[in-house]
Amino acid sequence: MTTTSVNAEARVAYINARLLDPATGLDVHGALLTEGETVADFGPALFRDGLPPDAQVVDLQGQCLAPGLLDMRVLIGEPGEEQKDTIKSVSRAAAAGGITSIVCLPNTDPVLDEVAGLEFVARRAREVKLVKIFAYAAATRGTEGNEITEMGLLSRAGAVAFTDGTRAIASAKTMRRALSYARTFDKLIIQHPEEPSLASGGMMNAGEICTRLGLTGIPREAEIIMIERDLRLLELAGGRLHFAHVTTSESVDLIRRAKARGLKVTCDTAPHYFALTEADVGDYRTYAKVSPPLRGEMDRRAVVVGLADGTIDAIASDHIPQDQDQKRLPFAQAEAGVIGLETLFPLVLELVHKGHMPLVKALALVTSRPADILGLPLGRLAKGGPADLLVFDPDVPWRVDVGQFQSKSKNSPFEDRPVQGRPLRTVVDGRTVWQREA
Amino acid sequence: MTAPTHATATFPHRHLLGIEGLTAEQISLILDVADGYVEQNKKPNKKTAILSGLTQVNLFFENSTRTRTSFELAGIRLGADVINMSADGSSVKKGETLIDTAMTLNAMHLDALVVRHNASGAVKLLADKVNCSVINAGDGNHEHPTQALLDALAIRRRLGRLEGLVVAICGDILHSRVARSNIHLLNAMGAHVRVVAPPTLLPSQIDRLGCEVHHTMKSGLKDADVVMMLRLQNERMSGQYVPSTREYFYFYGLDYEKLEVAKPHAVIMHPGPMNRGVEIDSEVADDLKRSMILDQVELGVAVRMAVLDLLTRGRRGNAE
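Not measured: the values here are computed from a predicted model.

*Asks:* Go over the overall build of chain A, please, and point to the residues and values.
*Replies:* Along the backbone of chain A there are 14 helices and 18 strands. Its C-alpha atoms give chain A a radius of gyration of 21 Å, within 12% of the compact-globule value 22 Å for 438 residues. Dimensions along the principal axes, computed over C-alpha positions, put chain A at roughly 65 × 45 × 45 Å. Here chain A holds 438 residues, and 60% of them are scored as buried. A sequence separation of at least 24 residues applies to 74% of the contacts in chain A between residues at least 6 apart. Surface summary for chain A: the accessible area is close to 16,700 Å², and the carbon and sulfur share equals 48%. Each charge sign in chain A was given a centre, from 50 positive and 57 negative side chains, and these centres are 2 Å apart.

This is the structure:
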């Protein structure tokens, strides 16, 4: 078997670019040179004295060049539910969405709670070889919330953090143990903050719309009290805690205050929580059924404020593929979740176009900041760092057309939404893995 | 034979999926047409042929005797060919099956499809896939529009109007599609609506639908013209929502004592089937002067005839 080492030292010069590095706030006109899998150099003055003769030259004609996105919350259907999405289809969707690294949830079948599961994902990712695929391992065996997993061995096998993914770690005792034990390996615990006994049987946000539709509500308090509890446990046990997809104004306030007190806590949200509200459920649209549920307008605004003031550290797509069989059902019976890999970037850019934050700051939410949370050396332009890059047009208007998406499942609530800005080219380890057809 | 009243009026909707969104004029039209059928149903010959040649299917995913029978009689008396289909919940767990059922029925060229399902929104899901008129005979906790219409007809016939009346809806509002449809209808018609229940049996922000919220029968029934009792299912009285049947009847069961604060002419309604001694005392339920429970059953057939008549008018017009 031969390896493709021919391109190992290949040099590509990206010239005439708007260079954006969210880690340093850099936003200048300039050029960037990749050498093999790494960034050799970049800056406004690069190639002032002429282009290197052996490099392939890509003239970006003023388009943006930034680190590729890191999506820290993706569910892949493989292993177990390959009809929904596979490592291959997810990789293609990510590449087309400008995402160069994804971190997948352990809620597969079987659950990723053993070394063998992580090795399987890593091997499939190597075979597909499009984007970088990292994995969380389950925090508890079978994500059942009782016994903690072999965090040390799983860390050695590549687990970037521990979480029960789409399930909350419900028991306070288990949560305390998980936080304590993960300290041994300086690993993060990620919580799906929803008190299951309050949310059980729930289908959407409790309130007027839910009452009109005759559905069972999930109160906002299910999220709020879990965050309150876990912040107490974090103080008790130490360690590092991250809350996935926060959706309420109180969640944002609690985390803002906890950070001010010096607690090692971070959080993320997903585009649907700042771009949609419970009103989007409309007449039982199952594509708007997500967990946690879409909230009201005041909460949506609070999430935007939390993103703008830095309380919310990152945006993840929260990509949960569901096929037609799981969505063409009465609302109560439909599965929760939306796909998000190919809408993540334009929806993040909405924050910029609506004037909530400058472009580099929005990029940081999907590059350097999630990378820092997970301790991954990604999401920044750095000499000698990996050449994971995204070329994009920040302004071009288009409409979401799910039919064009690479994901096997099509459960997007954003179909037909007018958006602005889209990826043009995605580069992973110096290789162009996707390019928009002109 | 000519239809009794409002023979030429048209109804602007193809389906009847809920009361929410209907105007006072549309509701009044249904009630007026129903009034005509009430008279017709008292004659020895109750049949007309206005739906002759049309096919009506009653598709019930949830058990029901009275509602299904009422729809069946309504169709037969209008001359339609009526078929009953029941599908037990377990065989229709998969959504494909629900939509496939709709597509299959659609291919048979039905004219009216009457559907009951235990999931809110399921009837709308079916209605989006078929060409015929769909009537919601109850979907989950969402709506049961013909029940609200027959309740309104009963009140209007007994008290002469709906506007300005104080109507207290008492009991398990949380799980009640009847309550939701009634709140929408009574608001549209200008009545004052109250809901009376312990907070565990009230859905979040129910007041936003247009009703006063009361937690005691004494305040809720004060000066009421109409008292609507709702059924409370046994499995909800063992500590989940209320602690026991005994406690529930003590505080929320309707008896003469609690009724004293209502207006002297106040009437009592219940969508059935009743739990005697749980939400309603037998004496009160059987009081012919005050209880309209049997009127409700009688008027149900007339209201469903009116709905079938109105929804198929466009279709019949096109056919001619």
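*Asks:* Break down the domain arrangement of chain A for me, with residues and values.
*Replies:* Residue and element names in this part refer to chain A. Here chain A is partitioned into domain 1 (11-66 + 386-435) and domain 2 (68-374). With 44 residues of domain 1 in contact, the opposing surface of domain 2 contributes 49 residues. Here domain 1 packs against domain 2, burying approximately 3,600 Å² in sum over the two surfaces, 64% of which is carbon and sulfur. The interface formed by domain 1 and domain 2 contains three salt bridges.

*Asks:* For the interface of chain A and chain B, give the residues involved together with the corresponding values.
*Replies:* Each side of the interface is counted separately: chain A has 16 residues, and chain B has 27 residues. Roughly 1,800 Å² of surface becomes buried between chain A and chain B when both sides are summed, with 51% attributable to carbon and sulfur atoms. If you sort the residues of chain A by the area they bury against chain B, A:Thr211, A:Arg212 and A:Arg328 come out on top, with a joint share of 37%. Run the count over chain A and chain B and you get three salt bridges. Across the pair A:Asp283 and B:Lys124 runs a salt bridge whose closest N-O atoms are separated by 4.0 Å.

*Asks:* Provide a residue-level description of the environment of A:Leu19, including the pertinent values.
*Replies:* Residue and element names in this part refer to chain A. Relative to the elements of secondary structure, Leu19 occurs in strand β1 (residues 11-21). Relative accessible area serves as the criterion here: at 0%, Leu19 is assigned to the buried category. In this view, Leu19 contacts Leu26, Asp27, Val28, Gly30, Ala31, Leu32, Phe42, Gly43 and Leu65; residues no more than four positions away in its chain are not counted.

What counts and how
- Residues numbered from 1 in each chain as written.
- Chains lettered and ligands numbered in written order.
- Predicted model: local features only at pLDDT ≥ 70, side-chain atom pairs only at ≥ 80, totals over all residues.
- Heavy atoms only, no water.
- Helix = DSSP H or I, 4+ residues; strand = E, 2+ residues; numbered from the N terminus.
- Rg over C-alpha atoms; globule rule 2.2 N^0.38 Å.
- Buried < 20%, exposed > 50% of the residue type's maximum accessible area, 1.4 Å probe, protein only.
- Contact = heavy atoms within 4.5 Å.
- Areas by Shrake-Rupley, 256 points an atom, 1.4 Å probe, with all protein chains shown as cover.
- Lys, Arg positive; Asp, Glu negative; His and termini not counted.
- Charge placed at Lys NZ, Arg CZ, Asp CG, Glu CD.
- Domains from an automatic or database assignment.
- Buried area = accessible area lost by both parts, 1.4 Å probe.
- Salt bridge = Lys/Arg side-chain N within 4 Å of Asp/Glu carboxyl O.

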